[in-house]
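# Inside the fold
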Amino acid sequence: MSVLSTYRNLARWPAGRWLFSRLVCWKAPYFSSIAPRIETLEPGRCIATLRHRRAVTNHIGTVHAIALCNLAEFTGGLACDASIPASMRWIPKGMAVAYLKKAVGTMRATATPAFPPREAAEGYELPFEVVVENAARDVVFKATIAMWVSPKD
């Protein structure tokens, strides 16, 4: 069963998006450190939130830079998985980030591909743009994640 179909099956139930978020963190345990919550997952877009709490706070009282990077990779990876053809697989290849404003409060990340994914006989780089906003919808962080998309064996 694909990630997208699992999300669609669970999202229609009360606490289904929460459960899906926990399942992703179970499969990739490092994401549990930020306790992300999926809001939307569809081909071409993923939206997730990160609640500002002590575990993700740095020495100046803002959301830690690496927590924002984790949120970006979480949303970018799910958006990629939901967007590429079933015959393809992906892995992050690199990430460029910009910290634009102090990150305070709940963070909301939106990940979208730079161009539509395609089926291909050889691997190619597919950038995903991730924009993270605070509760006032001010952009506090941006990332471009280079995903390497290649045919499954």
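Our subject is the structure listed above.
## Concerning the nonpolar core
- If you look at the biggest cluster of nonpolar residues, it comprises 43 residues, and the most contacted ones within it are Ile38, Leu41, Met107 and Val132.
- Every element with two or more residues in this core is listed here: helix H1 (3-11), helix H2 (16-27), strand S1 (37-42), strand S2 (45-50), helix H3 (65-83), strand S4 (107-113), strand S5 (124-133) and strand S6 (139-151).
- When residues in this core are grouped by element, the largest group, ten residues, is from H3.
- Residues within four places of Leu41 in sequence aside, it is in contact with Val3, Leu4, Tyr7, Phe20, Cys46, Leu78, Ala79 and Ala82.

## Overview of the sheet that holds S2
- The strand order S1-S2-S4-S5-S6-S3 describes an open sheet built from six strands, whose pairing is antiparallel. Two strands bound the open sheet, and with one partner strand each, they are S1 and strand S3 (88-99). Direction aside, neighbouring strands of the sheet carry axes that sit 20° apart on average.
- Across eleven bridges, the pairing between S3 and S6 is antiparallel. The residue bridging Ile91 from the neighbouring strand is Trp148, located in S6.

## Some remarks on the packing of aromatic side chains
- In this structure the tally under the stated criterion is three aromatic pairs.
- A ring pair is formed by Tyr7 and Phe20, whose centres lie 5.3 Å apart and whose planes are at 75°; its orientation type is edge-to-face. Here Phe20 lies in helix H2 and Tyr7 lies in helix H1, a separation of 13 residues in the sequence.
- Judged by its relative accessible area of 3%, Phe20 falls in the buried class.
- Their ring planes at 50° and their centres at 5.3 Å tell us that Tyr99 and Phe141 sit as a pair that is tilted. Of this pair, Tyr99 sits in strand S3 while Phe141 sits in strand S6, and the two are 42 residues apart along the sequence.
- Taking the relative accessible area as the measure of exposure, Tyr99 reaches 44% and is therefore partly exposed.
- Given the relative accessible area of 0%, Phe141 is considered buried.

## Let's talk about H1
- Within the span of H1, buried status applies to Leu4, Tyr7 and Leu10. Looking down the long axis of H1, one finds its buried residues gathered within 135° of arc, a one-sided arrangement.
- The inward-facing, buried residues of H1 contact H2, S1 and H3.

## Observations regarding the pattern of salt bridges
- As enumerated under the stated definition, the model contains five salt bridges in all.
- Between Glu42 and Arg45 there is a salt bridge, with its nearest N and O atoms 2.8 Å apart.
- In this structure Glu42 comes out as partly exposed when scored by relative accessible area, which is 31%.
- Between Lys93 and Glu125 there is a salt bridge, and its shortest N-O distance comes to 3.1 Å. With Lys93 in strand S3 and Glu125 in strand S5, the pair connects residues that are 32 residues apart, well separated along the chain.

## Re a nonpolar patch on the surface
- Taken together, Tyr30, Ile66, Met95, Val97 and Tyr99 make up a surface patch of nonpolar side chains, about 480 Å² in accessible area.
- Broken down by element, the residue count for the nonpolar patch peaks at three residues, all from S3.
- Take Ile66: it is sitting in helix H3.
- You can call Ile66 partly exposed: its relative accessible area is 42%.

Thresholds, definitions, all that
Residues numbered from 1 in each chain as written. Predicted model: local features only at pLDDT ≥ 70, side-chain atom pairs only at ≥ 80, totals over all residues. Heavy atoms only, no water. Core = buried A, V, L, I, M, F, W, Y, C linked by side-chain atoms within 4.5 Å. Buried < 20%, exposed > 50% of the residue type's maximum accessible area, 1.4 Å probe, protein only. Helix = DSSP H or I, 4+ residues; strand = E, 2+ residues; numbered from the N terminus. Contact = heavy atoms within 4.5 Å. Pairing = 2+ DSSP bridges. Axes fitted to C-alpha atoms, helices over the stretch in contact; angles between N-to-C directions. Phe/Tyr/Trp six-rings, centres within 6.5 Å; stacked < 30°, edge-to-face > 60°. Arc of directions from axis to C-beta. Salt bridge = Lys/Arg side-chain N within 4 Å of Asp/Glu carboxyl O. Patch = residues over 30% accessible without salt bridge, like charges linked within 9 Å, V, L, I, M, F, W, Y side chains within 5 Å. Areas by Shrake-Rupley, 256 points an atom, 1.4 Å probe, with all protein chains shown as cover.

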